[in-house]
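# Remarks on the overall topology
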Amino acid sequence: MTSMKVIEIVEPGGPSVLKSSIRNIPKPKRNEVLIKISYAGINRPDVLQRSGSYLPPPGASDLPGLEASGIIFAIGKNVTNWEVGDEVCALLPGGGYAEYAVTQASHCLPVPTGMSLKQAAYAEYAVTQASHCLPVPTGMSLKQAAALPETLFTVWSNVFQRGGLKPNEKFLVHGGSSGIGTMAIQLANLFGSEVYATAGSDAKCSACEELGAIRAINYNKEDFLEVIKSIGGVHLILDMVGGAYIEKNIKALVDDGRLVQIAFLKGAKVELNFAQIMTRRLTVTGSTLRPQSDLSKSQIASELLEKIWPLLSTGRINPVINSVFDLNDVSSAHLLMESSKHIGKILLKVDGRL
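The notes below deal with the structure included here.

### Thoughts on the sheet that holds strand β10 (residues 215-218)
Sheet architecture is open: six strands sit in the order β10-β9-β8-β11-β12-β13, paired in parallel fashion. Strands at the two margins of the open sheet, each flanked by one partner only, are β10 and β13 (283-286). Taken pair by pair, the neighbouring strands of this sheet meet at an average axis angle of 15 degrees, ignoring direction. Inspection of the sheet shows strand β9 (residues 194-199) paired to β10 by four bridges, in the parallel sense. Across the sheet, alanine 199 pairs through a bridge with asparagine 218, a residue of β10. Packing against the sheet, helix α5 (residues 179-190) makes contact with β8 (170-173), β9 and β11 (234-239), and its axis sits at approximately 170 degrees to β8. Here helix α6 (residues 202-211) sits on the sheet and contacts β9 and β10; the angle it forms with β10, its principal contact strand, is near 165 degrees.

### Overview of helix α10 (residues 294-307)
Taking 1.5 Å of rise per residue, 14 residues should cover 20 Å, and α10 covers 20 Å from first to last C-alpha, within 8% of that figure. Those residues of α10 lying buried are Leu295, Lys297, Ser298, Ile300, Ala301 and Leu304.

### A few points about the nonpolar core
Core analysis: the largest hydrophobic core is formed by 48 residues, its most contacted members being Leu148, Leu152, Phe171, Leu238, Leu304, Ile308 and Trp309. Excluding residues within four positions of it along the chain, leucine 152 makes contact with Ser157, Met183, Leu187, Leu304, Ile308, Trp309 and Leu312. Listed in part, the 28 residues of the second largest apolar core include Leu18, Val88, Ala101 and Phe325.

### Let's talk about the state of the cysteines
Working definition: the covalent bond between the sulfur atoms of two cysteines is a disulfide. For the structure on display, the rule yields zero disulfides. Not part of a disulfide, cysteine 133 finds its nearest cysteine sulfur in cysteine 89, a span of 8.3 Å. Accessibility expressed as a relative area gives 2% for cysteine 133, which makes it buried. There is no disulfide at cysteine 208, and the cysteine sulfur nearest it, in cysteine 205, is 6.1 Å away.

The rules behind each value
Residues numbered from 1 in each chain as written. Predicted model: local features only at pLDDT ≥ 70, side-chain atom pairs only at ≥ 80, totals over all residues. Heavy atoms only, no water. Pairing = 2+ DSSP bridges. Helix = DSSP H or I, 4+ residues; strand = E, 2+ residues; numbered from the N terminus. Axes fitted to C-alpha atoms, helices over the stretch in contact; angles between N-to-C directions. Contact = heavy atoms within 4.5 Å. Expected span 1.5 Å × (residues − 1). Buried < 20%, exposed > 50% of the residue type's maximum accessible area, 1.4 Å probe, protein only. Core = buried A, V, L, I, M, F, W, Y, C linked by side-chain atoms within 4.5 Å. Disulfide = S-S within 2.5 Å.

Without other data, these values stay purely geometric and don't point to any function.
Pasting the structure below:
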């Protein structure tokens, strides 16, 4: 078998531009593995790519899909940490809306100038074993595992690495009922922070509180800034909304607080007085995951494997899955994503035998 079913974006537009097609199965290059996909995750960047406002980085597949679970079907040269038949979930550079996809499996660094092979041996080994693939956690299904990569890579790198969230700090996540939000609430709560969230309905707010938020704010009924001010402000905010939220976020932070921006659903351009950032020693930062280097993503994966995977295997953290659509019904999955009526992750079932 040399061909596979894929979902292409035939032209920029609405969900109807997602069409089924047949392509050749990709071959894994050096440091890559080929995954036979069982389930794929639906994410906001997929919607942006479909609309023509988020182009894939150079060298990445033009097919949407940034995360998946499945079985390793083939391995490229230099891959020693995976075998054919291993069950994995993986962060993808693209191509998840397909029966097969390739992703980074290991990454070797050259020996630094002036350093002996003996000195470099341990560091090189550690990086070689890093991967954009992670094993399916013990006790989890392939369906559950497909909901992990994009959310965990994003939350860990932005809330804990970049945002530096500490125990006993107050943390606010906007979009608390999203895939990223539901995972951020669980992790922050588990690591000892005081968690607050915003969401768009009472049902979504209840879901956030059940996951560990002390207080979830229905932004259609309350001004989140007033609520946060009433508790004295927060130390860290994770925001995917942007627009008018940006100025409010700055006001909601305590002195020396941090704002991490990961998306702009309501716009990226605002007028902002930076004087308060200077005088209150605030940190404003942000990131996007997809354009980061293979090595950077591998380093995030290594920390997840060490710090988070044991928690998943014991059931202390669980992905929240809203719904699963057949690959042929991908347009309906995108419609649901754009409606924002879901709580948690939306998945595509790629392997019909599961």
